[in-house]
Amino acid sequence: FFSQSLLCNDSIVACYVACDQAVSCLSSTLHFYAATDSLLRCTGKQACALTRVEVLHSDSTFSMLCDGESACFGAEIVLQNVPNAIIECTLPFTCQGLLVNATDSPNATLICYDENACQDLQFSSNSDNVNFWF
């Protein structure tokens, strides 16, 4: 759904979104609202590049995997009232220019498996319990 909008809300117990093809979710807006468990998988080339992801009032865990060439380049992730969130960036430049804003999300974790995976990343949070793994 290139340049489209998607809503996962409390009527869905678990929400799984797979952006596995090249540019499959490019420039889209993905809303995860009050869903129990949510997984966003961006494995195609530029699959989630320039995408806005909003995770609001989740009851459980939000997981995001960026595992394709420039898969999450320039994406914006907004976490608000999310008790557990994990964002994984695997390849060089996979999450280049990623912007993460975590508000009232006490257990946010960012894992960069390659030394260049998270180049120019910006992460802001009002929590003391944010974990970065490089």
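Described in the following lines is the structure provided in the data block. (Residues numbered from 1 in each chain as written. Predicted model: local features only at pLDDT ≥ 70, side-chain atom pairs only at ≥ 80, totals over all residues. Heavy atoms only, no water.)

Overall, the coordinates contain five disulfides when judged by the stated rule. Disulfide pairing places cysteine 89 opposite cysteine 95 at an S-S distance of 2.0 Å. Here cysteine 89 and cysteine 95 share a disulfide; its torsion about the S-S bond, -90°, makes the bridge left-handed. In terms of burial, cysteine 89 and cysteine 95 fall into one category: buried. Between the sulfur of cysteine 112 and that of cysteine 118 lies a disulfide, 1.8 Å long from S to S. Given an S-S torsion of about -95°, the disulfide between cysteine 112 and cysteine 118 has left-handed geometry. Here the two residues cysteine 112 and cysteine 118 agree in accessibility, since each one is buried. (Disulfide = S-S within 2.5 Å. Buried < 20%, exposed > 50% of the residue type's maximum accessible area, 1.4 Å probe, protein only.)

What follows deals with the sheet that holds strand S9 (residues 99-103). Strand order in the open sheet made by the six strands is S1-S3-S5-S7-S9-S11, with parallel pairing throughout. Looking at strand neighbours, the two that pair on one side only are strand S1 (5-8) and strand S11 (122-125), the edges of this open sheet. This sheet shows a mean twist of 5° between the axes of neighbouring strands, independent of strand direction. As judged from the four bridges shared by S1 and strand S3 (residues 29-33), these two strands associate in the parallel manner. The residue bridging leucine 7 from the neighbouring strand is histidine 31, located in S3. (Pairing = 2+ DSSP bridges. Helix = DSSP H or I, 4+ residues; strand = E, 2+ residues; numbered from the N terminus. Axes fitted to C-alpha atoms, helices over the stretch in contact; angles between N-to-C directions.)

Strands sit in the order S2-S4-S6-S8-S10-S12 across an open sheet of six strands; the sheet is parallel. At either margin of the open sheet sits one strand with a lone partner, and together these are strand S2 (14-19) and strand S12 (130-133). Neighbour-to-neighbour, the strand axes of this sheet turn through a mean angle of 5°, independent of strand direction. Across four bridges, strand S10 (residues 107-112) lies against S12 in parallel orientation. Considered in S12, the bridge of threonine 109 is made with asparagine 131.

For glutamate 69, the position within the fold is in the loop between strand S6 (61-66) and strand S7 (76-80). Separated by 49 residues in sequence, glutamate 69 and cysteine 118 have C-alpha atoms that sit 13 Å apart. Those residues within four positions of glutamate 69 in sequence are excluded, and the remaining contacts are Gly44, Lys45, Gln46 and Leu91. (Contact = heavy atoms within 4.5 Å.)

In terms of nonpolar packing, the biggest core is built from 33 residues, with Phe32, Leu40, Phe62, Met64, Cys72 and Leu79 touching the most fellow members. Those residues in contact with leucine 79, other than ones at most four positions away along the chain, are Val55, Phe62, Ala85, Val100, Asn101, Ala102, Thr103 and Ser105. (Core = buried A, V, L, I, M, F, W, Y, C linked by side-chain atoms within 4.5 Å.)

This part takes up the environment of glutamine 46. For glutamine 46, the position within the fold is in the loop between strand S4 (37-42) and strand S5 (52-56). Considering only alpha carbons, one finds glutamine 46 and valine 17, 29 residues apart in sequence, at a separation of 15 Å. Other than its neighbours up to four places away in sequence, glutamine 46 contacts Val23, Leu26, Glu69, Ser70 and Ala71.

This paragraph deals with the pattern of salt bridges. Enumeration over the complete set of coordinates arrives at four salt bridges. The partner of arginine 41 in a salt bridge is aspartate 20, with the nearest N and O atoms 2.2 Å apart. Placement of arginine 41 in strand S4 and of aspartate 20 in the loop between S2 and S3 is noted, with a sequence separation of 21 residues between them. Here glutamate 54 and arginine 52 are joined by a salt bridge, their closest N and O atoms 2.6 Å apart. The exposure class of arginine 52 is partly exposed, given its relative accessible area of 28%. A single salt-bridge network, built from bridges that share partners, covers Arg52, Glu54 and Glu76. (Salt bridge = Lys/Arg side-chain N within 4 Å of Asp/Glu carboxyl O.)

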